[in-house]
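# Structural overview for review
Take a look at the letters that make up each chain.
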Amino acid sequence: MASVDFLAAVTKRLQAFPARDGGSVDPDRSDLAASLAAAVQGAVERIVGRPFGRQTFTERYNGNGRPLLWLRQTPVILLSSVSIDGATLTVEAEPSSPVFPAPPIVIDSSLEALARTDGGTFTCGRANIIVTYDAGMELDTYPAAFEAAEQWAAHSFLQLQRRGVTHRTIGEITYDFSAAIPDDIKALLATAKKRFLPC
């Protein structure tokens, strides 16, 4: 799976525009393109509650006494380890490569959660569970809604480029690209919002 590079995705869209429409990034405006892409990416991540690209997380959770445990970051790409009350359990590493018989803890991709398969639970306790895993949006899990944000960012850059803007800050004015995302695109992005929150 390939990680998502939002700036590269926006730049690729720019290159698809005809040259007469300014379909390229002027080297003098590369900082502007990077600032715009970073601001829009940050806004998208806040709206959907999911990180772009693959990142590794080690997090503590309170045990909930249930057979399911929802993680803070999704989608989960790789589960490295889970320990409960200091005991390390065998886990299914990748949701795309299930094994038989199933280990005690697997990734339930449909629920975006860890699931016990041995009849056990995530024992109640305060910060008694430690999970290390990789999560983030990758190209094969990339919601179509994000493409609308890419397209908007590319069009916004072209408009700024045509107006001769070269930096995010011009004089005393700072362009807040993330605040400018249209409501219809925000609504579309909301369809990709994380469905479950950890206890």
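In what follows, the structure referred to is the one given above.
Predicted model, so just to flag it, every value in this text is computed and none were measured. (Residues numbered from 1 in each chain as written. Predicted model: local features only at pLDDT ≥ 70, side-chain atom pairs only at ≥ 80, totals over all residues. Heavy atoms only, no water.)

Sheet strands pair via backbone hydrogen bonds, and the direction of the pair is either parallel or antiparallel. Spatially, β1-β7-β3-β4 is the arrangement adopted by the four strands of the open sheet, whose pairing is antiparallel. Taken across any chain shown, the strands that pair with only one partner, and hence form the sheet edges, are β1 (55–63) and β4 (87–89). Within the sheet, the average angular offset between the axes of one strand and its neighbour, ignoring direction, is 25°. Note: β1 against strand β7 (residues 125–135), eight bridges, orientation antiparallel. Considered in β7, the bridge of Arg 60 is made with Ile 130. (Pairing = 2+ DSSP bridges. Helix = DSSP H or I, 4+ residues; strand = E, 2+ residues; numbered from the N terminus. Axes fitted to C-alpha atoms, helices over the stretch in contact; angles between N-to-C directions.)

All right, on to the nonpolar core then. Ranked by size, the top nonpolar core spans 25 residues in total, and within it Phe 6, Val 40, Val 44, Phe 146, Ala 149 and Leu 189 carry the most contacts. Ranked by size, the runner-up nonpolar core spans 18 residues in total, among them Val 82, Ile 84, Val 91 and Ile 105. (Core = buried A, V, L, I, M, F, W, Y, C linked by side-chain atoms within 4.5 Å. Buried < 20%, exposed > 50% of the residue type's maximum accessible area, 1.4 Å probe, protein only.)

Moving on: the pattern of salt bridges. With the rule as written, the count across this model stands at three salt bridges. A salt bridge links Asp 134 to Arg 54, with the nearest nitrogen and oxygen atoms 2.9 Å apart. Taken as a pair, Asp 134 in strand β7 and Arg 54 in the loop between α2 (30–48) and β1 lie far apart in primary sequence, 80 residues in all. In this structure Asp 134 comes out as buried when scored by relative accessible area, which is 9%. Looking at Arg 54, the relative accessible area reads 38%, which means it is partly exposed. With a shortest N-O distance of 3.7 Å, Arg 72 and Glu 59 are connected by a salt bridge. With Arg 72 in the loop between β2 (68–70) and β3 (76–84) and Glu 59 in strand β1, this residue pair connects regions lying 13 residues apart in the sequence. A relative accessible area of 33% places Arg 72 in the partly exposed class. (Salt bridge = Lys/Arg side-chain N within 4 Å of Asp/Glu carboxyl O.)

Interpretation note: all reported values are geometric properties and have no functional meaning in isolation.
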